[in-house]
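Chain by chain, the residues run as shown.
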Amino acid sequence: EGGRRSYQRMGLSWFRFLRDVNFGGCLADDMGLGKTIQVLALLEDRRKYRSEHLPTLVVVPRSLMFNWRAEARRFTPKLKVLDYTGPQRSEFLPLLPEQDVILTTYGTLRRDIHDLKDLVFDYVILDEAQAIKNATSHSAKAARLLRAQNRLALSGTPVENHLGELWSLFEFLNPGMLGRARAFKGLISARTETGLDEAGRSLLAATLSPFIL
């Protein structure tokens, strides 16, 4: 337990570092290492010390909504958390700016992006962020339209199939960092038949390592 708590403290410090340098990042811990708790600790810290009030939007798969609500009630009961899902959610739109945390699903994000894109968030956080691995999907396009001062992604598998998925993730986290999608795709496919050679992989890893923990 002590080691796990130490690791989570390191994650929280890394979140603060990213905020200080104004970059987004991906927490790529394996399942069971407490990604949700680390994020809730960050948001509680923001609740207590931020200079202005802006809500945070957390987008999760529907299967994880219960877990996020339960963890928030248990570990950060002072956070004002709103479940923004369901057929009656339009009634909550005027209340969104008052919340500390707005929990929603990728499906709701896609359907309500025309409303959500007009809000300014403190953080936008994507859980199981491999959901936006396809840059042309509706989820990925909607996520890129959100306005946020800070961006985080949580995923135990930031790359599932090929390096091209990194472009979609980082275009959400740090727009423009990896250039245009077509140019990045050409780079990773031109080096060898299977993608980047060893030197290219090392260069890409060194470039992205500050932004993936």
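The rules behind each value
- Chains are numbered independently. Their residues run from 1 in the order of the written sequence.
- This being a predicted model, a pLDDT of at least 70 is required before a residue's local features are given, and a value of 80 or more before pairs of side-chain atoms are given or counted; all residues contribute to the totals for chains, interfaces and linings.
- Calculation of side-chain values draws on the structure's entire complement of heavy atoms; hydrogens and water are dropped beforehand.
- Whether a set of points on the 1 Å grid over the protein atoms alone is a cavity depends on a 1.4 Å probe fitting there but being unable to get out, while an open set qualifies as a pocket with protein on both sides within 12 Å along at least five of seven lines; lining residues are those with an atom within 4 Å of a point.
- Grid points are joined across faces, edges and corners, and a volume is the space filled by probe spheres set on the points.
- Think of it this way: any DSSP run of H or I at least four residues long counts as a helix, any run of E at least two long counts as a strand, and we number them from the N terminus.
- Residue type decides the class: Asp, Glu, Lys and Arg count as charged, Ala, Val, Leu, Ile, Met, Phe, Trp, Tyr, Cys and Pro as nonpolar, and the leftover types, Gly among them, as polar.
- Classification of residues uses two cut-offs on accessible area relative to the type maximum, computed with a 1.4 Å probe and protein chains only: under 20% is buried, over 50% is exposed, and between them is partly exposed.
- Paired strands, as defined in this entry, are two strands with at least two bridges between them according to DSSP.
- For this document, the term salt bridge refers to a Lys or Arg side-chain nitrogen within 4 Å of an Asp or Glu carboxyl oxygen.
- What counts as an axis is a line fitted to C-alpha atoms, over the stretch in contact for a helix, and the angles between N-to-C directions run from 0 to 180 degrees.
- Small angles under 35 degrees read as roughly parallel and large ones over 145 as roughly antiparallel, with 65 to 115 read as roughly perpendicular and the rest as oblique.
- Handedness of a crossing follows from how the near helix is turned relative to the far one, being left-handed for an anticlockwise turn of less than a right angle and right-handed for a clockwise one.
- Working rule for contacts: check all heavy atoms of both residues, and any pair within 4.5 Å makes them a contact.

Some thoughts on empty space enclosed by the protein
1) Next: Going through the model one piece at a time under the given rule, you end up with two cavities of 30 Å³ or more.
2) Next: Its volume calculated, the second largest cavity comes out at about 30 Å³.
3) Next: Every residue lining the second largest cavity is listed: F15, L18, R19, F23, G24, Y123, N150, R151 and L152.
4) Next: Secondary structure elements with two or more residues in the lining of the second largest cavity: helix 1 (2-21) and strand 6 (147-154).
5) Next: In terms of residue class, the lining of the second largest cavity is made up of five nonpolar, two polar and two charged.

Focus on the pairing of strand 2 (residues 56-60)
1) Next: The buried fraction of strand 2 amounts to five of the five residues, a majority that puts the element mostly inside the structure.
2) Next: Taking every second residue as pointing to the same face, both faces of strand 2 are buried, with T56, V58 and V60 on one and L57 and V59 on the other.
3) Next: Sheet analysis places strand 2 next to strand 4 (residues 101-105), joined by five bridges and oriented parallel. Directly across from T56, in strand 4, lies its bridge partner V101.
4) Next: Where strand 2 lies against strand 5 (residues 120-127), three bridges are found, and the strand directions are parallel.

As for the pattern of salt bridges
1) Next: Tallied over the entire structure, the rule returns eight salt bridges.
2) Next: In this structure, R50 engages D100 in a salt bridge whose closest nitrogen and oxygen atoms are separated by 2.9 Å. Of this pair, R50 sits in the loop between helix 2 (35-49) and strand 2 while D100 sits in the loop between strand 3 (81-83) and strand 4, and the two are 50 residues apart along the sequence. Neither residue differs from the other here; R50 and D100 are each classed as buried.
3) Next: Ionic pairing is found between D112 and R89, a salt bridge with its closest N-O pair at 2.7 Å. On the criterion of sequence distance, the pair formed by D112 in helix 4 (residues 106-116) and R89 in the loop between strand 3 and strand 4 is long-range, its members being 23 residues apart. Residue D112 shares its accessibility class with R89, and that shared class is buried.
4) Next: Each of R46, R50, D100 and D122 takes part in a single network of salt bridges with overlapping partners.

Description of the packing of helix 2 against helix 3 (residues 65-75)
1) Next: For the pair helix 2 and helix 3, the least separation of the axes is 10 Å and the interaxial angle reads 50°. By the criterion of interaxial angle, the relationship of helix 2 to helix 3 is oblique. Every pair of crossing elements has a handedness; the one defined by helix 2 and helix 3 is right-handed. Counted together, T36, I37, V39 and L40 of helix 2 and N67, W68, E71, A72 and F75 of helix 3 form the full contact between these two elements.

Regarding unusual backbone geometry
1) Next: For N22, which is not glycine, the phi torsion reads 65° and is therefore positive.
2) Next: Tracing the chain through its elements places N22 in the loop between helix 1 and strand 1 (25-27).
3) Next: Under the relative-accessibility criterion, N22 is labelled exposed at 57%.
4) Next: One non-glycine residue, E128, adopts positive backbone phi at about 50°.
5) Next: One can find E128 in the loop between strand 5 and helix 5 (138-145).

Remarks on the packing of helix 4 against helix 5
1) Next: Relative orientation of the contacting elements helix 4 and helix 5 amounts to 65°, with a least axis distance of 9 Å. Judged by the sense of rotation from one axis to the other, the crossing of helix 4 with helix 5 is left-handed. Contact residues: Y106, L109, R110 and I113 in helix 4; H138, S139, A142, A143 and L145 in helix 5.
2) Next: Class assignment of the residues belonging to the contact of helix 4 with helix 5 gives a composition of six nonpolar, two polar and one charged.

These values are about where atoms sit, not about what they do.
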